[in-house]
Amino acid sequence: MELFKNVNVDWMGKAKYFVTLSLVLLAAGWISIFRSHGLRYGIDFRGGTLVYVRFSGPPPLDKIRDGLRQAGFANSSIQGISDITNQSSQNDVVIGLEQQGTGDESLDAGKQAILDVLHKTFSTADASGKQDFNSITPSALALYLTQKDPLNLGAAAGDKYNQLALKLTAARDRDFGGIVTGFDQLKNVEGATPAVISTISNGFTLGNFTIRNVEIVGPKVGAQLRKQAVLATLYALGGMLLYIAFRFEWVYGAAAVIAVFHDVLITLGFFSLFHFEISLTVIAALLTLVGYSMNDTIVIFDRVRENLRLMRRESFPEIVNRSINQTLSRTILTSGLTFLTVLVLFLMGGEVLRAFSFAMVVGVVVGTYSSFGIAAPIVVVWIKYRGQGAAISAGSAAEKRVAAARR
Amino acid sequence: MNPQLKWKFILILIVIVFCIFGLVCLPEFPTSLAAVKQNLTDRIRLGLDLKGGSHLVLQVQVDEAIGQRCDQAIDELTRQLHQKTIPFGEIRRVDNSHILVRSVDSSSTANFRDLISNQFPDWTMSPAAGEANGFLLTMKPSVVADLRKNTMDQALETITRRINALGLTEPTIAFTGRGENEILVQLPGEGDPTRAKSVIQAGGQLELKALADEQTYPSEIAALGAHGGVLPPGTEIVPGREESAQGTSPQQVFYILERAPVVTGQDLRSATTSPSTNNPGRYQVDFKLSTSAATRFGPFTESHVGRRMAIVLDHHVYTAPVINSRIEDSGMIEGTFTQESAQDLALVLRAGALPASIKYLEERTVGPSLGADSIREGVRASIASLIVVMIFLVIYYRLSGVNAVVALMLNLVILVAFMAYAGAVLTLPGIAGVILTIGMGVDSNVLVFERIREELRNGKAAASAVALGFDRAFLTIIDTHVTTVVSAIFLFLFGTGPVRGFAVTLVIGLIANVFTSIYVSRAIFDYHLSRMGRQAVLSI
C-alpha cells in the first residue's frame, strides 16, 4: 500500500501562505495570552496548595465550597474532574488554594485547613471513636487486627496479620479506587474470612471520601522552577543549534531553531486558548516536541544536502521542493503514527497526563508543518539573498563531511 | 546463511536472552509463572508518582549557623578583651558574618591587632568607615563556605539518621542540587507525611543549664527588672513552662539561666521512653550521659544540691527540677508527652541536633490509589498505541511491516530491561516516554522503508535497494536521534523526579531504537534476501 506517489507540489511557491498561516496562529494564541485568558500556570510554577479528593458518590461541590468559605478560604478553586475512560473519577474533586496558606512558617497550613473542612463536613467518624477504613494505613490496620485476632491465631499469628492488612488495603486502593462503600466488598480478598470482615466492620466506619493526592509548592520553589523551565528550553535549543550547525551549515541550524521556537510559541498559544495549565510535565512535553519537530526538519535538510550533489542544474528552491516531496510520505506517515499514539495518550492516559498529551498532540501537528512551512523557506530566502553559489558551497562542504563520516 | 549474518543473529540472540534474563530471572530463577510475574514487578522500580508516597523539599537555614558562629566569636572576643584589659566602646554584630568593634582605646590598637591575628584566624580586620578607632571584622569567605558545606552535610546526616530511625522503607534523602541549601526527602508508601515532617523539623538541641536565679518571672521585662535592667554577665533569659501547683495548667514563665550549658545533646549516650512516674497516662524521655560528660555532671550536681537545673530543648525550658542529690549520668525530660511524641523526641535526641533550623518548600503526597490508577491508565494507553501502530505497519508495509513490528517489540523489551539493570525509575511521564519511544521508534523504520521503496521505483534490485535504503537513512536517523537526546539531557539536568524519569526513558528508548531499527531490522531483511537469492522480491 502506498499513499503518496510521485508528489509534485511547489512548496516554496506557497511559502508566503504558510508564513501568513503561522502569523495568524501566533497572533490568535498570543492575543489570547495577553488580552484574554493569559497562560494558566500549574501549581509547580505558581505555588499554592492542591488537594485531590475522591468521594464515594457525586461530589457535593456546594457543601465543600460553603465549608471552605466559612473557614476563611473564599478564593479557593474547586473543580470536578471528568475522565471518559475512568468512571470512578467522576466523583473526583480538586481543591486548590492560592499562595495563601503556604507562608514561610508553615507550608501546609492550607492543606490542614482543607482537611479540617472535609473532615468536619463529611466525615462519618462518630463519637465512638471508630477509625475510617478508607484512610487507614496498612500498619495501623495490621495493629488493629493483631489486637482483635479474628482468626484466633494467638502467638502463632506472626506476620499473617501484616500480610492480610496489606492485601486488604491493596484491594481498597487498586480494585475500588481507594474507597470501599460496604465491608462485604472485601470478601473476595484472599484470607478475608467472614470473621475478619465482621471484626473490621465492628471497628471501623467507612468515610465517604479519600485523599488521593496532595501538592504544596512554596512561592520560592515556584519562581525557581519557572526559571529552570525557561533555561532548560533555551539550553536545549542552543545545543541543537550547535549540533545542526556542525552537521550542516549554520543557516540550516538557525532555520531549524527558528522553526521549533515557532512551534513552542504556537503550542503555548493553544494552551491559553484551550485553558490548559502549564506544569512541569508540560515543559517536558514542549522539550520533546522541540526534539521531534527538529527530526522532521533534519530529514528534509538531509535530503536537500543529498540532492544538492545530484542536481547541479536545478535552482535551489526546486531542489528544496523536490526534497520535501521525496520525503513527504515519510513525514506524513511518521507524524500520523506519532499523532495517533499521542492521541491515544490524550484520550486514555488519565487526568495526570492530560495536559502533557495535549501539548504533544498540538506539537506534533505544528512541528511537522513548520519543517516545510517555516524552516525550509528560511533557508531558501537566505540562499536567494546570498546567491546560488552559497548553496552549492554549502552542499559540497556538507558533502565532504558526509563522505568523511561514511568512511 | 553466510557467516557474517550468522554472527549478527547470534549477537541479537544474546541481547534478547540478556534482556529477558534481566527482567524475569533475577533476583532468583523463577520456577512458576507467579514467580516470573513477581520478578518482573520487583525489577521495575516505580517512581513515587506511581507507587504512592511523599516527596518533601526542605531548605536548611544555613545563615543561622553562620550567625551562631558570629555570636560565639563575639562572646569569645568580649572575654578576651576583658582579660587582656583592652578598653573598647561596644561590640556589635552587623550581620551574620560581620562584627563591628567601636572605639578601641587608641593606645591598645596594636594589642587589639595582635589579638585578632593570633586568636581569631577565621576573621579579617579592617578599619570601620566613619568610626574613630572602630574596626570591622569580616569572616573569611573560605571559612563561610566551609561552614555552609559542613552545615549542609551535617543536616543531611542528621535527617538521614532520624528517618532511618522512623523505620520507613527505602527512603531517599539527598541534596536537590537545584536551589541553594535544599534537601530532598522521598518516602515511598508514606501516605501521610505529618509525623515524618515534625520529626525531621525538630531542632533536637538539648542543653542542661544551671539557673542563675531561682526565681521565675511572668515576662521578660519582669525578669530584667528584677536585676535592675541589666542581666548578670554570662546569663540569658529563656522562656519555658512551669506548673505552679498540682492540677493547674502550666503557665508561660521566663527563666534566667547561665549561658554556658553543663551538658548538651552531644553528651548523650542513649535516650529512651517510659511511662511517666509523676503524671499517670503521660510519658517521659529518659537519657543517659556519656562517661566523659558524667565526670562533669557528677561534681556539678553535687555542688548544686538543693538548687534547680533547667532542661532546655531548642531554647525552651521543659522542666527545671530541684537537684536532690548527686547525679552521675542519667536524667529525664518530663512534659505533656504522649507515647508517640515521647518516642519521637527520644529518636530526635539519639539522632542528634540539626545544625540550623529548616523550612519546608515543597510537599507532594501521592496516595496509593492514585498511583495504581495511573499505572493502569498508562499501561492501557501504551498497549493501545502499540496495537494501533502495529496494525498500521502491517497493513501499509505488509511483510516488511512485520519486520518493523519485531524491531519495535524488541525495542520495548530492551528499554524495559535496560531500566531494570540500571535501576532507573519508571515514572508516569516515563510511561509517556515509553509511548513516545513507540512513536519515534517507528520513524526510523518508516525512513528506511520509504527509502527502499524509492530505490525500488528507481529500478534497483531488491538487495541493493535494501543496502542503499539502510545506508542513506542511517545518517538521518543518527541526526534525528542525537537532537532528541540533546533535549532529553537538558530535561534531565533541569528536571525533578518524574520529569527526569521521562528523560531517562526517552534516552534509553532512542539508543535501543538505533540498534533495533537498523541492526536487527536489516539482519532480518538480509536473511530474507539470502534465502531468496538473486530473484528476491520484497514484500514492502
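Residues numbered from 1 in each chain as written. Chains lettered and ligands numbered in written order. Predicted model: local features only at pLDDT ≥ 70, side-chain atom pairs only at ≥ 80, totals over all residues.

A few words on the overall build of chain A. Helix and strand counts for chain A come out as 13 helices and eight strands. Looking at chain A as a whole, 47% of its 407 residues qualify as buried. In chain A, the share of contacts with a sequence separation of at least 24, taken over all contacts with a separation of at least 6, comes to 77%. (Helix = DSSP H or I, 4+ residues; strand = E, 2+ residues; numbered from the N terminus. Buried ≥ 20, exposed ≤ 12 C-beta atoms within 10 Å, placed from the backbone. Contact = placed C-beta atoms within 7 Å.)

Broken down by element type, chain B carries 14 helices and 19 strands. Taking 24 Å as the expected radius of gyration for a compact globule of 540 residues, we find that chain B reaches 35 Å, considerably beyond that expectation. With respect to the principal axes defined by its C-alpha atoms, chain B has extents near 110 × 65 × 35 Å. (Rg over C-alpha atoms; globule rule 2.2 N^0.38 Å.)

What follows is about the packing of helix H11 (residues 368-422) of chain B against helix H12 (residues 428-457) of chain B. Look at H11 of chain B against H12 of chain B: their axes get within 8 Å of each other, and the N-to-C directions meet at 5 degrees. Here H12 of chain B runs roughly parallel to H11 of chain B, going by the angle between their axes. (Axes fitted to C-alpha atoms, helices over the stretch in contact; angles between N-to-C directions. Parallel < 35°, antiparallel > 145°, perpendicular 65-115°, else oblique.)

Attention now moves to unusual backbone geometry. Trans peptide bonds make up most of the peptide bonds, and negative phi angles are found at most residues other than glycine. Positive phi outside glycine occurs at Asp149 of chain A, with the angle close to 50 degrees. Within the fold, Asp149 of chain A resides in the loop between helix H5 (138-148) and helix H6 (160-175). Although it is not a glycine, His315 of chain B sits at a positive phi angle of roughly 60 degrees. For His315 of chain B, the position within the fold is in the loop between strand S15 (309-313) and strand S16 (317-319). Since 12 C-beta atoms lie within 10 Å of it, His315 of chain B is described here as exposed.

Here the focus is the domain arrangement of chain B. Assigned domains of chain B: these are domain 1 (3-34 + 43-52 + 368-535), domain 2 (62-144) and domain 3 (206-339). Each of domain 1 of chain B and domain 2 of chain B has a C-alpha centre, and these two points are 66 Å apart. (Domains from an automatic or database assignment.)

Looking now at the pairing of strand S4 (residues 98-102) of chain B. Residues and elements named next belong to chain B. Covered by surrounding structure in S4 are Ile99 and Val101 only, the residues His98, Leu100 and Arg102 on the alternate face being uncovered. Pairing geometry for strand S3 (residues 90-95) and S4, over five bridges, is antiparallel. If you follow Arg93 over to S4, its bridge partner there is Ile99. Following S3, the chain reverses through two residues before pairing antiparallel with S4. Pairing of S4 with strand S6 (residues 135-139) involves four bridges; the strand directions are antiparallel. Note on S6: the bridge partner recorded for His98 is Thr138. (Pairing = 2+ DSSP bridges.)

Its 33 residues place the ends of helix H13 (residues 462-494) of chain B 47 Å apart at the C-alpha level, agreeing with the 48 Å of an ideal helix rising 1.5 Å per residue. A maximum bend of about 30 degrees is found in H13 of chain B at Phe474 of chain B. (Expected span 1.5 Å × (residues − 1). Bend = angle between axes of the 7 residues up to and from the residue.)

Each partner contributes to the interface: chain B provides 61 residues, whereas chain A provides 65 residues. Elements with a minimum of two residues in the side of chain B that touches chain A: strand S18 (358-366), H11, H12, H13 and helix H14 (497-532) of chain B. Partitioning the side of chain B that touches chain A into residue classes produces 33 nonpolar, 16 polar and 12 charged. With five bridges connecting them, strand S7 (residues 209-217) of chain A and S18 of chain B associate as antiparallel partners. Note that in S18 of chain B the partner of Val217 of chain A across the bridge is Glu362 of chain B. (Nonpolar A, V, L, I, M, F, W, Y, C, P; charged D, E, K, R; others polar.)

All names here are of chain B. With antiparallel pairing, four strands are arranged side by side in an open sheet as S3-S4-S6-S5. Both edges of this open sheet fall to S3 and strand S5 (123-127), since each of them pairs with a single strand only. Between one strand and the next, the sheet's axes are offset by a mean angle of 25 degrees, whatever the strand orientation.

Hydrogen bonds between backbone groups are what pair the strands of a sheet, and the pairing can be parallel or antiparallel. With respect to topology, eight strands assemble into an open sheet ordered S3(A)-S4(A)-S2(A)-S7(A)-S18(B)-S2(B)-S8(B)-S7(B), the strand pairing being antiparallel. Where the open sheet ends on each side, the last strands, each with one partner, are strand S3 (77-80) of chain A together with strand S7 (172-175) of chain B. With direction set aside, neighbouring strand axes in the sheet form an average angle of 20 degrees. Bridge count for strand S2 (residues 48-55) of chain A against strand S4 (residues 92-97) of chain A is six bridges, and the pairing is antiparallel. Bridge pairing links Val51 of chain A to Ile95 of chain A in S4 of chain A.

Ala359 of chain A together with Tyr255 and Leu491 of chain B are the most contacted members of the largest nonpolar core, which has 221 residues in total. Other than its neighbours up to four places away in sequence, Ala359 of chain A contacts Thr267, Val282, Ala285, Leu286 and Leu289 of chain A. If you look at the next biggest cluster of nonpolar residues, it comprises 15 residues, including Ala142, Ala165, Leu168 and Leu186 of chain A. (Core = buried A, V, L, I, M, F, W, Y, C linked by C-beta atoms within 7 Å.)

All names here are of chain B. Examined bridge by bridge, S7 and strand S8 (residues 182-188) share four bridges and lie antiparallel to one another. Within the sheet, the bridge partner assigned to Ile173 lies in S8 and is Val185. The turn linking S7 back onto S8 is made up of six residues, and Gly177 within it adopts a positive phi angle of 70 degrees.

Let's shift gears to the confidence of the model for chain B. Mean pLDDT for chain B: 86, with 98% of residues reaching 70 or above. For chain B, strand S17 (residues 330-337) of chain B is the element with the lowest average pLDDT, namely 80, and S6 of chain B is the one with the highest, namely 92. (pLDDT = per-residue confidence, 0-100.)

Before going further, it helps to spend a moment on the environment of Leu337 of chain A. Along the chain, Leu337 of chain A falls in helix H11 (residues 316-348). Apart from residues no more than four positions distant in its own chain, Leu337 of chain A is found in contact with Val389, Phe392, Gly439 and Val442 of chain B.

Before going further, it helps to spend a moment on the packing of helix H1 (residues 3-24) of chain B against H11 of chain B. The axes of two packed helices give the description: the angle between them and the distance between them. Residue and element names in this part refer to chain B. At a closest axis distance of 9 Å, the pairing of H1 and H11 adopts a crossing angle of 50 degrees. Judged on the interaxial angle alone, H11 and H1 are oblique. Crossing of H1 over H11 shows left-handed handedness. Contacts from Val15, Ile16, Cys19, Gly22 and Leu23 of H1 reach H11 at Leu410, Val413, Ile414, Val416, Ala417, Ala420 and Tyr421. Its residues assigned to classes, the contact of H1 with H11 comprises 11 nonpolar, one polar and no charged. (Left-handed = near helix turned anticlockwise from the far one by under 90°.)

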